[in-house]
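Here's the letter readout for the chains.
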Amino acid sequence: MPHGPPAAPILYTFPGEEPLVAALAEFIIKAQDEAIQKRDRFTLAVSGGSLAQHLAGLIGNPGVKWDKWHIFFADERCVPLDHEYSNYRLINEELLTKVDIPAEQVHAIDTSLLDDLDELADEYEQGLIREFANRETARFPVFDLILLGMGPDGHTASLFPGHALLTESDRWVAWIDDSPKPPPTRITLTFPVINHAHKCAFVATGAAKEDILHTVLDKPEEGLPSSRVRVAQPGMTYWFVDDAAAAKTEYLRTPFKA
Ligand SMILES: O=C(O)[C@H](O)[C@@H](O)[C@H](O)[C@H](O)COP(=O)(O)O
(Lines give C-alpha, C1' and ligand atoms only; values in the text may rest on other atoms or scores of the structure.)
Protein backbone atom coordinates (compact mmCIF):
# COMPACT_ATOMS: atom_id res chain seq x y z
CA MET A 1 0.00 0.00 0.00
CA PRO A 2 1.49 3.38 -0.93
CA HIS A 3 1.81 5.74 2.02
CA GLY A 4 1.46 9.48 1.73
CA PRO A 5 1.50 12.27 4.30
CA PRO A 6 -1.28 12.03 6.88
CA ALA A 7 -4.62 13.71 6.36
CA ALA A 8 -6.24 15.76 9.13
CA PRO A 9 -8.30 13.56 11.51
CA ILE A 10 -12.07 13.34 11.07
CA LEU A 11 -14.16 14.25 14.13
CA TYR A 12 -17.59 12.70 14.67
CA THR A 13 -19.61 13.89 17.65
CA PHE A 14 -22.69 12.26 19.17
CA PRO A 15 -25.29 13.48 21.68
CA GLY A 16 -24.69 10.51 24.01
CA GLU A 17 -23.37 7.00 24.55
CA GLU A 18 -26.12 5.17 22.71
CA PRO A 19 -25.75 6.80 19.27
CA LEU A 20 -21.95 6.71 19.63
CA VAL A 21 -21.96 2.98 20.36
CA ALA A 22 -24.30 2.32 17.40
CA ALA A 23 -22.22 4.44 14.99
CA LEU A 24 -18.97 2.86 16.16
CA ALA A 25 -20.36 -0.62 15.48
CA GLU A 26 -21.43 0.48 12.00
CA PHE A 27 -17.99 1.97 11.34
CA ILE A 28 -16.17 -1.17 12.54
CA ILE A 29 -18.37 -3.43 10.42
CA LYS A 30 -17.67 -1.30 7.34
CA ALA A 31 -13.92 -1.56 8.01
CA GLN A 32 -14.38 -5.31 8.51
CA ASP A 33 -16.26 -5.70 5.19
CA GLU A 34 -13.61 -3.74 3.26
CA ALA A 35 -10.83 -5.82 4.82
CA ILE A 36 -12.53 -9.16 4.16
CA GLN A 37 -13.22 -8.19 0.57
CA LYS A 38 -9.54 -7.35 -0.04
CA ARG A 39 -7.71 -9.72 2.30
CA ASP A 40 -10.29 -12.26 3.53
CA ARG A 41 -9.51 -11.37 7.16
CA PHE A 42 -9.92 -8.47 9.55
CA THR A 43 -6.95 -7.45 11.71
CA LEU A 44 -7.81 -5.25 14.66
CA ALA A 45 -5.89 -3.84 17.62
CA VAL A 46 -7.77 -2.64 20.71
CA SER A 47 -6.82 -0.58 23.76
CA GLY A 48 -8.01 -0.95 27.33
CA GLY A 49 -9.94 1.53 29.45
CA SER A 50 -13.49 2.54 28.61
CA LEU A 51 -13.17 1.40 24.99
CA ALA A 52 -14.37 -2.11 25.85
CA GLN A 53 -17.82 -0.95 26.89
CA HIS A 54 -18.15 1.13 23.71
CA LEU A 55 -17.91 -2.04 21.64
CA ALA A 56 -21.29 -3.26 22.90
CA GLY A 57 -22.93 -2.55 19.52
CA LEU A 58 -21.03 -5.53 18.08
CA ILE A 59 -22.65 -8.06 20.42
CA GLY A 60 -25.41 -9.97 18.67
CA ASN A 61 -24.87 -7.86 15.54
CA PRO A 62 -25.51 -10.01 12.45
CA GLY A 63 -23.08 -7.89 10.38
CA VAL A 64 -20.03 -9.11 12.32
CA LYS A 65 -18.11 -12.04 10.82
CA TRP A 66 -16.23 -13.15 13.92
CA ASP A 67 -14.43 -16.04 12.24
CA LYS A 68 -12.49 -13.50 10.14
CA TRP A 69 -11.36 -11.37 13.11
CA HIS A 70 -7.77 -11.40 14.39
CA ILE A 71 -7.49 -9.29 17.52
CA PHE A 72 -4.30 -7.84 19.02
CA PHE A 73 -3.85 -5.41 21.89
CA ALA A 74 -2.73 -1.85 21.09
CA ASP A 75 -1.32 -1.91 24.59
CA GLU A 76 -1.41 -4.33 27.46
CA ARG A 77 -0.58 -4.14 31.12
CA CYS A 78 2.07 -6.69 32.16
CA VAL A 79 -0.06 -8.66 34.59
CA PRO A 80 -1.70 -12.13 34.55
CA LEU A 81 -4.64 -12.38 32.15
CA ASP A 82 -7.15 -12.69 34.98
CA HIS A 83 -5.74 -9.68 36.87
CA GLU A 84 -8.04 -6.71 37.48
CA TYR A 85 -5.62 -4.53 35.44
CA SER A 86 -5.48 -6.81 32.39
CA ASN A 87 -6.81 -5.31 29.15
CA TYR A 88 -7.33 -8.87 27.86
CA ARG A 89 -9.54 -9.64 30.87
CA LEU A 90 -11.55 -6.48 30.27
CA ILE A 91 -12.17 -7.09 26.55
CA ASN A 92 -12.79 -10.74 27.25
CA GLU A 93 -15.44 -10.01 29.85
CA GLU A 94 -17.11 -7.14 27.99
CA LEU A 95 -17.02 -8.63 24.49
CA LEU A 96 -15.22 -11.86 23.65
CA THR A 97 -17.13 -14.14 26.01
CA LYS A 98 -20.35 -12.83 24.47
CA VAL A 99 -19.49 -13.54 20.82
CA ASP A 100 -18.27 -16.41 18.71
CA ILE A 101 -14.64 -15.61 17.93
CA PRO A 102 -12.09 -18.46 17.62
CA ALA A 103 -9.84 -18.29 20.73
CA GLU A 104 -6.64 -18.71 18.69
CA GLN A 105 -7.48 -15.49 16.82
CA VAL A 106 -7.22 -13.41 19.99
CA HIS A 107 -3.59 -12.57 20.66
CA ALA A 108 -2.95 -12.08 24.37
CA ILE A 109 0.53 -11.51 25.83
CA ASP A 110 2.57 -14.56 26.87
CA THR A 111 2.31 -14.30 30.65
CA SER A 112 5.11 -16.86 31.16
CA LEU A 113 7.42 -13.95 30.21
CA LEU A 114 6.18 -11.37 32.73
CA ASP A 115 9.58 -11.33 34.45
CA ASP A 116 11.43 -10.35 31.27
CA LEU A 117 9.81 -7.36 29.55
CA ASP A 118 12.27 -7.45 26.65
CA GLU A 119 11.29 -11.05 25.90
CA LEU A 120 7.61 -10.33 26.44
CA ALA A 121 7.57 -7.42 23.97
CA ASP A 122 9.71 -9.38 21.51
CA GLU A 123 7.37 -12.37 21.64
CA TYR A 124 4.37 -10.11 21.01
CA GLU A 125 6.20 -8.56 18.06
CA GLN A 126 6.92 -12.08 16.74
CA GLY A 127 3.18 -12.73 16.87
CA LEU A 128 2.64 -9.68 14.67
CA ILE A 129 5.34 -10.84 12.28
CA ARG A 130 3.64 -14.26 12.04
CA GLU A 131 0.30 -12.57 11.39
CA PHE A 132 1.44 -9.99 8.86
CA ALA A 133 4.48 -11.55 7.14
CA ASN A 134 3.85 -12.35 3.48
CA ARG A 135 0.60 -10.45 3.61
CA GLU A 136 2.00 -6.95 3.47
CA THR A 137 5.30 -5.86 2.03
CA ALA A 138 5.47 -2.71 4.15
CA ARG A 139 8.18 -2.11 6.72
CA PHE A 140 5.51 -2.14 9.42
CA PRO A 141 2.38 -4.25 9.92
CA VAL A 142 -0.72 -2.65 8.45
CA PHE A 143 -3.70 -3.23 10.73
CA ASP A 144 -7.11 -2.88 9.17
CA LEU A 145 -8.24 -0.94 12.23
CA ILE A 146 -6.70 0.23 15.50
CA LEU A 147 -9.10 1.38 18.24
CA LEU A 148 -7.62 3.74 20.81
CA GLY A 149 -8.62 5.64 23.91
CA MET A 150 -7.15 8.89 25.20
CA GLY A 151 -6.11 9.54 28.79
CA PRO A 152 -6.65 12.87 30.60
CA ASP A 153 -2.96 13.73 30.01
CA GLY A 154 -3.30 13.08 26.26
CA HIS A 155 -1.68 9.63 26.31
CA THR A 156 -2.86 6.92 24.01
CA ALA A 157 -2.14 3.19 24.09
CA SER A 158 0.82 3.23 26.54
CA LEU A 159 2.51 6.19 24.85
CA PHE A 160 2.75 8.89 27.52
CA PRO A 161 3.61 12.61 27.22
CA GLY A 162 7.33 13.33 27.26
CA HIS A 163 8.30 9.64 27.15
CA ALA A 164 11.29 8.50 25.09
CA LEU A 165 9.02 6.05 23.25
CA LEU A 166 7.33 8.91 21.40
CA THR A 167 10.25 8.97 18.98
CA GLU A 168 10.66 5.21 18.60
CA SER A 169 11.00 4.60 14.88
CA ASP A 170 12.09 0.99 14.61
CA ARG A 171 10.42 -1.42 17.05
CA TRP A 172 6.83 -2.56 16.47
CA VAL A 173 6.17 -3.39 20.11
CA ALA A 174 7.93 -1.69 23.01
CA TRP A 175 7.77 -2.07 26.79
CA ILE A 176 7.75 0.51 29.55
CA ASP A 177 8.21 0.14 33.31
CA ASP A 178 7.45 3.74 34.25
CA SER A 179 3.82 4.24 33.24
CA PRO A 180 2.32 7.15 35.21
CA LYS A 181 -1.04 5.32 34.99
CA PRO A 182 -0.97 2.08 36.98
CA PRO A 183 0.28 -0.54 36.55
CA PRO A 184 3.81 0.74 35.69
CA THR A 185 4.80 -2.13 33.39
CA ARG A 186 3.15 -2.32 29.99
CA ILE A 187 3.78 -3.14 26.36
CA THR A 188 2.51 -0.95 23.56
CA LEU A 189 2.37 -0.71 19.80
CA THR A 190 4.66 2.10 18.66
CA PHE A 191 3.72 5.16 16.58
CA PRO A 192 5.07 3.77 13.28
CA VAL A 193 2.73 0.77 13.64
CA ILE A 194 -0.25 2.90 14.67
CA ASN A 195 0.33 5.38 11.87
CA HIS A 196 0.63 2.69 9.19
CA ALA A 197 -2.85 1.28 9.87
CA HIS A 198 -5.56 1.43 7.23
CA LYS A 199 -7.74 3.16 9.82
CA CYS A 200 -7.31 4.31 13.35
CA ALA A 201 -10.21 5.47 15.55
CA PHE A 202 -10.22 7.09 18.98
CA VAL A 203 -13.16 6.85 21.32
CA ALA A 204 -13.34 9.53 24.03
CA THR A 205 -16.36 10.41 26.15
CA GLY A 206 -17.29 12.47 29.17
CA ALA A 207 -16.67 16.00 30.42
CA ALA A 208 -13.36 14.94 32.00
CA LYS A 209 -11.93 14.79 28.46
CA GLU A 210 -13.09 18.24 27.25
CA ASP A 211 -9.88 20.15 28.05
CA ILE A 212 -7.49 17.55 26.73
CA LEU A 213 -9.53 16.98 23.57
CA HIS A 214 -9.36 20.73 22.90
CA THR A 215 -5.58 20.65 23.24
CA VAL A 216 -5.11 17.45 21.23
CA LEU A 217 -7.27 18.52 18.28
CA ASP A 218 -6.85 22.31 18.25
CA LYS A 219 -3.19 22.53 19.28
CA PRO A 220 -1.44 19.55 17.67
CA GLU A 221 1.79 21.55 17.72
CA GLU A 222 2.01 20.78 21.44
CA GLY A 223 2.87 17.25 20.37
CA LEU A 224 0.79 15.29 22.87
CA PRO A 225 0.78 11.56 22.13
CA SER A 226 -2.85 11.54 20.92
CA SER A 227 -2.05 14.40 18.50
CA ARG A 228 0.76 12.30 17.05
CA VAL A 229 -1.67 9.67 15.82
CA ARG A 230 -1.90 10.68 12.18
CA VAL A 231 -2.41 7.70 9.92
CA ALA A 232 -0.55 7.91 6.62
CA GLN A 233 -2.76 8.22 3.53
CA PRO A 234 -4.68 6.50 2.08
CA GLY A 235 -5.36 5.56 5.71
CA MET A 236 -7.32 7.87 7.96
CA THR A 237 -7.63 8.87 11.63
CA TYR A 238 -11.09 9.24 13.18
CA TRP A 239 -12.45 10.49 16.51
CA PHE A 240 -15.72 9.21 18.01
CA VAL A 241 -16.59 11.66 20.78
CA ASP A 242 -19.68 12.56 22.76
CA ASP A 243 -20.89 16.16 23.10
CA ALA A 244 -19.56 16.35 26.67
CA ALA A 245 -15.99 15.57 25.60
CA ALA A 246 -16.33 17.81 22.53
CA ALA A 247 -17.58 20.82 24.52
CA LYS A 248 -14.35 22.84 24.21
CA THR A 249 -12.83 21.79 20.92
CA GLU A 250 -13.28 24.13 17.97
CA TYR A 251 -12.21 21.43 15.54
CA LEU A 252 -14.45 20.93 12.49
CA ARG A 253 -17.19 18.32 13.02
CA THR A 254 -18.06 15.93 10.23
CA PRO A 255 -21.56 14.41 10.12
CA PHE A 256 -21.24 10.66 10.71
CA LYS A 257 -21.68 8.36 7.74
CA ALA A 258 -20.29 4.81 7.99
O1 LIG B 1 -4.43 0.27 28.90
C2 LIG B 1 -4.62 1.46 28.96
O3 LIG B 1 -4.42 2.11 29.99
C4 LIG B 1 -5.19 2.10 27.77
O5 LIG B 1 -4.99 1.48 26.58
C6 LIG B 1 -5.10 3.60 27.72
O7 LIG B 1 -4.37 4.16 26.69
C8 LIG B 1 -6.55 4.06 27.66
O9 LIG B 1 -7.09 3.81 26.40
C10 LIG B 1 -6.66 5.53 28.02
O11 LIG B 1 -6.07 5.73 29.28
C12 LIG B 1 -8.09 5.98 28.05
O13 LIG B 1 -8.78 5.27 29.02
P14 LIG B 1 -10.31 5.61 29.31
O15 LIG B 1 -11.01 5.41 28.01
O16 LIG B 1 -10.72 4.58 30.34
O17 LIG B 1 -10.34 7.01 29.81
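So, a few notes on the structure that sits alongside this text. Everything numeric in this text was worked out from a predicted model, so none of it was measured.

Observations concerning the overall build of the chain
Each helix and strand counted, the chain has 5 helices and 11 strands in total. A compact globule built from 258 residues should have a C-alpha radius of gyration of about 18 Å, and the chain, at 17 Å, falls within 12% of that. Counting only C-alpha atoms, the chain reaches 45 × 40 × 40 Å along its principal axes. The buried share of the chain, reckoned over its 258 residues, is 56%. In the chain, once contacts between residues fewer than 6 apart in sequence are set aside, the share between residues at least 24 apart is 79%. Summing over all exposed atoms, the chain offers an accessible surface of approximately 11,000 Å²; the carbon and sulfur share of this is 50%.

A word on empty space enclosed by the protein
Under the defined criterion, the tally for this structure stands at 2 cavities of 30 Å³ or more. Of the volumes computed, that of the second largest cavity is approximately 40 Å³. Lining the second largest cavity are Pro 9, Val 216, Leu 217, Ser 226, Ser 227, Val 229, Arg 230 and Trp 239. Residues that form the lining of the second largest cavity fall into these classes: 5 nonpolar, 2 polar and 1 charged.

A closer look at the site of the ligand
In the vicinity of the ligand there are 16 residues, among which Ser 50, Asp 75, His 155, Ala 157 and Lys 209 approach most closely. One of the side-chain nitrogen or oxygen atoms of Lys 209 is found 2.7 Å away from an oxygen atom of the ligand. For the ligand, whose accessible area on its own is 420 Å², the fraction buried by protein is 90%.

Remarks on helix α1 (residues 17–39)
The terminal C-alpha atoms of α1, which comprises 23 residues, lie 32 Å apart, in line with the 33 Å expected from a rise of 1.5 Å per residue. Of all the residues in α1, the buried ones are Leu 20, Val 21, Ala 23, Leu 24, Ala 25, Phe 27, Ile 28, Ile 29, Ala 31, Gln 32, Ala 35 and Ile 36. Where α1 is buried, its residues touch β2 (10–14), β3 (42–46), β4 (69–73), β6 (145–148), β9 (199–204) and β11 (236–242).

Let's talk about the sheet that holds strand β5 (residues 75–77)
A sheet is described by the order of its strands in space; here 3 strands give the open sequence β5-β8-β7, paired in antiparallel fashion. The sheet is open, and its two borders are formed by β5 and β7 (173–176), each paired with just one other strand. Strand-to-strand twist of the sheet, defined as the mean angle between neighbouring strand axes without regard to direction, takes the value 15°. Pairing between β7 and strand β8 (residues 186–189): 4 bridges, direction antiparallel. Residue pairing for β8: Val 173 is matched across the bridge by Leu 189. Packed onto the sheet, helix α3 (residues 117–132) meets β7 and β8 and runs at close to 155° relative to β7.

Remarks on the packing of aromatic side chains
Remark: the centre distance and the inter-plane angle together describe each pair of aromatic rings, the angle taken between the planes. Applying the stated criterion across every chain yields a total of 16 aromatic pairs. One aromatic cluster is present, formed by Tyr 12, Phe 14, Phe 27, Tyr 238, Phe 240 and Phe 256 through successive ring pairs. Cation over ring: Arg 139 sits above Phe 140, and NZ or CZ is 4.6 Å from the ring centre. Between the NZ or CZ atom of Lys 199 and the centre of the ring of Phe 27, over which it lies, the distance is 5.5 Å.

What counts as what
Residues numbered from 1 in each chain as written. Predicted model: local features only at pLDDT ≥ 70, side-chain atom pairs only at ≥ 80, totals over all residues. Heavy atoms only, no water. Helix = DSSP H or I, 4+ residues; strand = E, 2+ residues; numbered from the N terminus. Rg over C-alpha atoms; globule rule 2.2 N^0.38 Å. Buried < 20%, exposed > 50% of the residue type's maximum accessible area, 1.4 Å probe, protein only. Contact = heavy atoms within 4.5 Å. Areas by Shrake-Rupley, 256 points an atom, 1.4 Å probe, with all protein chains shown as cover. 1 Å grid on protein atoms, 1.4 Å probe; cavity = no way out; pocket = protein on both sides within 12 Å on 5 of 7 lines; lining within 4 Å. Points joined across faces, edges and corners; volume = space filled by probe spheres on them. Nonpolar A, V, L, I, M, F, W, Y, C, P; charged D, E, K, R; others polar. Near = heavy atom within 4 Å. Polar contact = N/O pair within 3.5 Å; in protein donor to acceptor, adjacent residues only side chain to side chain. Expected span 1.5 Å × (residues − 1). Pairing = 2+ DSSP bridges. Axes fitted to C-alpha atoms, helices over the stretch in contact; angles between N-to-C directions. Phe/Tyr/Trp six-rings, centres within 6.5 Å; stacked < 30°, edge-to-face > 60°. Lys NZ or Arg CZ within 6 Å of the ring centre and 35° of its normal.

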